[in-house]
Amino acid sequence: MKNRVADRVSQIRGSGIREFFDIAQRMDDVISLGVGEPDFVTPWSIREACIFALEKGYTSYTSNWGLSELRQALSDYTYRETGVYYDPEDEILITTGVSEALDIALRAVLNSNDEVIVHEPSYVSYKPCTIFAGATPVCVDTEMRDGFKLRADKMETKITDKTKAVILNYPNNPTGATMERKDLEEIADVASEHDLLVISDEIYGKLTYEGKHTCFASLNGMKERTILLNGFSKAYAMTGWRIGYAMGPRDLIGAMMKIHQYIMLCAPITAQMAALEALKCSTEVEDMVAAYNRRRRLMVRGLKEIGLSCFEPKGAFYAFPYIANTGLTSEEFARQLLMTEKVVVIPGNVFGACGEGFIRCSYAVSEYELKEALERIGKFISGL
Ligand code: PLP
């Protein structure tokens, strides 16, 4: 049979991030600044809650919506942090990570021919998931000189009568950029004027080092048009647990729930019990955030000393230095650095064409490894 794979799948390249990991795995003495996950183990109290849950025999499915105690705790937590109230009955859905929440949010709202605005450089899943949902991603470049913020005027030029939604991700993967309240308000005005939905991926919200994270749904009139995505992977060092959530107006969350109940049934009960405990642990999270903040400073200072200009990241755990003046493309830089100095970084073009000329370096590694990696990068550059 010809065309065994659907066109919308075969047109998409595998994740560029994985390619580098596969090469690195076959080498010794590699330092990886490639990974997008905490180097910390999930705090003990969270792991213990899961062990207790297993001992007590919590091994079943839960409600499709997720455990009601967890939804109640998330409702309280979100209200406390952002001032936005979500009804735990039908405005909160527990998912298997933000990954699932993103997928079902897009599938719940998009018809074929719809367009979705995606700012770039951006997290690698936004465009493929939009295409899997049958719609078309429309990219808006962000630039280093604007602090990689999505500019409302630039976004507006890409809006057509097919535009249905915009995906926002601040703090941002891969640039570490954040948006201040006034920047987000400008986006909110455009969203209102053109009647757009906003899918706001705020998974790095707690990892904000300068100022305070503003939840997009907390802006005037935005709760009704925003699907807020969040999860436990990054701030609580829980990537392997696969647990996240979506919050939003009940018609949209209800539509997502329809898909979720057929494709996933529910998030794992053990991960839900652990998430319930995670919401109670603040000092462990604060300690991890403080460690990332120290490493962020070390990283930015180190990159500058090497001679790479770098926008100072304000959130998440990535730096996105400019490397084009070395004369190498992003791919060449990353490949040669790996082969000669055994340091993994991710070429910026993996995150969109406007990421060309940059590399993404994660600082979710120990300070020792970070210093060693910076030394090796410095050696690599001086040898060019
Ligand atoms: N959103 C962003 C911006 C990410 O960087 C990632 C993971 O790297 C995810 C979502 C996926 O999160 P989860 O582990 O909750 O599926």
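Q: Would you explain the sheet that holds strand β2 (residues 92-95) in this entry?
A: Reading across from one edge, β2-β8-β7-β6-β5-β3-β4 is the order of the seven strands in this open sheet, with mixed pairing throughout. A single partner strand is all that each edge strand has here, and the edge strands are β2 and β4 (136-141). Strand-to-strand, the axes of this sheet are offset by a mean angle of 20°, without reference to chain direction. Here four bridges tie strand β3 (residues 115-120) to strand β5 (residues 163-168), and the two strands are oriented parallel to one another. Paired with Val 116 across the strands is Ala 165, a residue of β5.

Q: Can you walk me through the pattern of salt bridges in this structure?
A: When the charged atoms of two side chains with opposite charge come close together, those side chains can pair. Counted by the stated rule, this structure contains 26 salt bridges. For the salt bridge of Asp 87 with Arg 250, the shortest nitrogen-to-oxygen distance reads 3.4 Å. With Asp 87 in the loop between α4 (68-82) and β2 and Arg 250 in helix α9 (residues 250-263), this pair connects stretches of sequence that are 163 residues apart. Note on Arg 250: relative accessible area 43%, which makes it partly exposed. Here Arg 145 and Glu 143 are joined by a salt bridge, their closest N and O atoms 3.1 Å apart. One connected set of salt bridges, linked through shared partners, spans Asp 87, Asp 90, Glu 91, Lys 223 and Arg 250.

Q: Sorry if this is basic, but what is going on with the state of the cysteines here?
A: Should the sulfur atoms of two cysteines be covalently bonded, the bond is a disulfide. Under the definition given, this model contains zero disulfides. With no disulfide of its own, Cys 281 lies closest to Cys 50 among cysteine sulfurs, the gap being 14 Å. Between Cys 354, a free cysteine, and Cys 139, which holds the nearest cysteine sulfur, the sulfur-to-sulfur gap is 8.0 Å. For Cys 354, a relative accessible area of 19% translates into the label buried.

Q: So what exactly am I meant to see when it comes to the layout of surface pockets here?
A: Empty space among the atoms can be located by rolling a probe the size of a water molecule over them. Size it by volume and the largest pocket reaches roughly 610 Å³. What lines the largest pocket is a set of 25 residues, and nearest its centre among them are Gly 36, Glu 37, Tyr 123, Lys 234 and Thr 239. Among the elements of the structure, α2 (16-25) and α5 (97-109) are those that each provide at least two residues to the lining of the largest pocket. Both domains that meet at the lining of the largest pocket, namely domain 1 (2-42 + 283-383) and domain 2 (44-278), each give it at least three residues.

Q: I'm lost on the sheet that holds strand β9 (residues 318-319) in this one. Help?
A: Strands pair in a sheet through their backbones, by hydrogen bonds, and they do so in one of two ways: parallel or antiparallel. Reading across the sheet, the three strands line up as β9-β12-β11 and stay open at both edges, with antiparallel pairing between neighbours. Every other strand in the sheet has two partners, leaving β9 and β11 (346-347) as the edge strands with one partner each. The pairing of β11 with strand β12 (residues 359-362) spans two bridges and is antiparallel. Of the residues in β12, the one forming a bridge with Ile 346 is Arg 360.

Q: What is the right way to read the site of the ligand from this model?
A: Taken together, 13 residues form the shell around the ligand, and within it Ser 99, Asp 201, Ser 233, Lys 234 and Arg 242 come nearest. In isolation the ligand offers 400 Å² of accessible surface; the protein chains occlude 92% of this area. When atom positions are compared with the pocket grids, the ligand is found to occupy the largest pocket. Looking at side-chain class alone, the shell around the ligand contains five nonpolar, five polar and three charged residues.

Q: How should I be thinking about empty space enclosed by the protein in this particular structure?
A: Taken as a whole and judged by the stated rule, the model has two cavities of 30 Å³ or more. Taken together, Leu 168, Asn 169, Tyr 170, Leu 184, Ser 200, Asp 201, Glu 202, His 213, Thr 214 and Phe 216 form the lining of the largest cavity. In the lining of the largest cavity, the residues fall into four nonpolar, four polar and two charged.

Q: Honestly, α4 in this entry has me stumped. Any pointers?
A: In an α-helix, one turn spans 3.6 residues, which is why side chains three or four residues apart end up on the same side. Compared with an ideal rise of 1.5 Å per residue, which puts 15 residues at 21 Å, α4 spans 21 Å between its outermost C-alpha atoms and is within 8% of the ideal. Buried residues along α4 sit against β2, β8 (244-247) and α10 (269-278).

Q: When you look at the nonpolar core in this model, what are you seeing that I'm missing?
A: Among the nonpolar cores identified, the biggest contains 133 residues, and Leu 33, Phe 232 and Tyr 236 are the most heavily contacted of them. Mapped onto the domain boundaries, this core takes at least three residues apiece from domain 1 (2-42 + 283-383) and domain 2 (44-278). When residues no more than four places from it in sequence are discounted, the contact partners of Phe 232 are Leu 74, Ala 237, Met 238, Ile 243, Tyr 245, Ala 275, Ala 278 and Leu 279.

Q: What's the story with a nonpolar patch on the surface in this structure? I'm lost.
A: A cluster of nonpolar side chains, contributed by Val 5, Val 9 and Phe 132, occupies part of the molecular surface with about 230 Å² of accessible area. Turning to its location among the elements, Val 9 is positioned in helix α1 (residues 7-10). Relative accessible area serves as the criterion here: at 39%, Val 9 is assigned to the partly exposed category.

Q: Explanation requested: the domain arrangement of the chain in the structure shown.
A: The domains assigned to the chain are domain 1 (2-42 + 283-383) and domain 2 (44-278). Contact with domain 1, which involves 40 residues of that partner, is made by 38 residues of domain 2. Between domain 1 and domain 2, the buried area comes to about 3,200 Å², and carbon and sulfur atoms account for 66% of it. Looking at the side of domain 1 facing domain 2, the largest losses of area belong to Thr 42, Phe 311 and Lys 314, adding up to 23% of the total buried there. Put simply, domain 1 and domain 2 have one salt bridge between them. The salt bridge partner of Glu 210 is Arg 296, with a shortest N-O separation of 3.2 Å.

Q: Teacher, can you tell me more about α10 here?
A: Counted residue by residue, α10 has eight buried out of ten residues, so it is predominantly covered. Those residues of α10 that sit buried are Ile 269, Ala 271, Gln 272, Met 273, Ala 274, Ala 275, Leu 276 and Ala 278. Packed against the buried residues of α10 are α3 (44-55), α4 and β2.

Thresholds applied
- Residues numbered from 1 in each chain as written.
- Predicted model: local features only at pLDDT ≥ 70, side-chain atom pairs only at ≥ 80, totals over all residues.
- Heavy atoms only, no water.
- Pairing = 2+ DSSP bridges.
- Helix = DSSP H or I, 4+ residues; strand = E, 2+ residues; numbered from the N terminus.
- Axes fitted to C-alpha atoms, helices over the stretch in contact; angles between N-to-C directions.
- Salt bridge = Lys/Arg side-chain N within 4 Å of Asp/Glu carboxyl O.
- Buried < 20%, exposed > 50% of the residue type's maximum accessible area, 1.4 Å probe, protein only.
- Disulfide = S-S within 2.5 Å.
- 1 Å grid on protein atoms, 1.4 Å probe; cavity = no way out; pocket = protein on both sides within 12 Å on 5 of 7 lines; lining within 4 Å.
- Points joined across faces, edges and corners; volume = space filled by probe spheres on them.
- Domains from an automatic or database assignment.
- Near = heavy atom within 4 Å.
- Areas by Shrake-Rupley, 256 points an atom, 1.4 Å probe, with all protein chains shown as cover.
- Sits in = over half its atoms within 2 Å of the grid points.
- Nonpolar A, V, L, I, M, F, W, Y, C, P; charged D, E, K, R; others polar.
- Expected span 1.5 Å × (residues − 1).
- Contact = heavy atoms within 4.5 Å.
- Core = buried A, V, L, I, M, F, W, Y, C linked by side-chain atoms within 4.5 Å.
- Patch = residues over 30% accessible without salt bridge, like charges linked within 9 Å, V, L, I, M, F, W, Y side chains within 5 Å.
- Buried area = accessible area lost by both parts, 1.4 Å probe.

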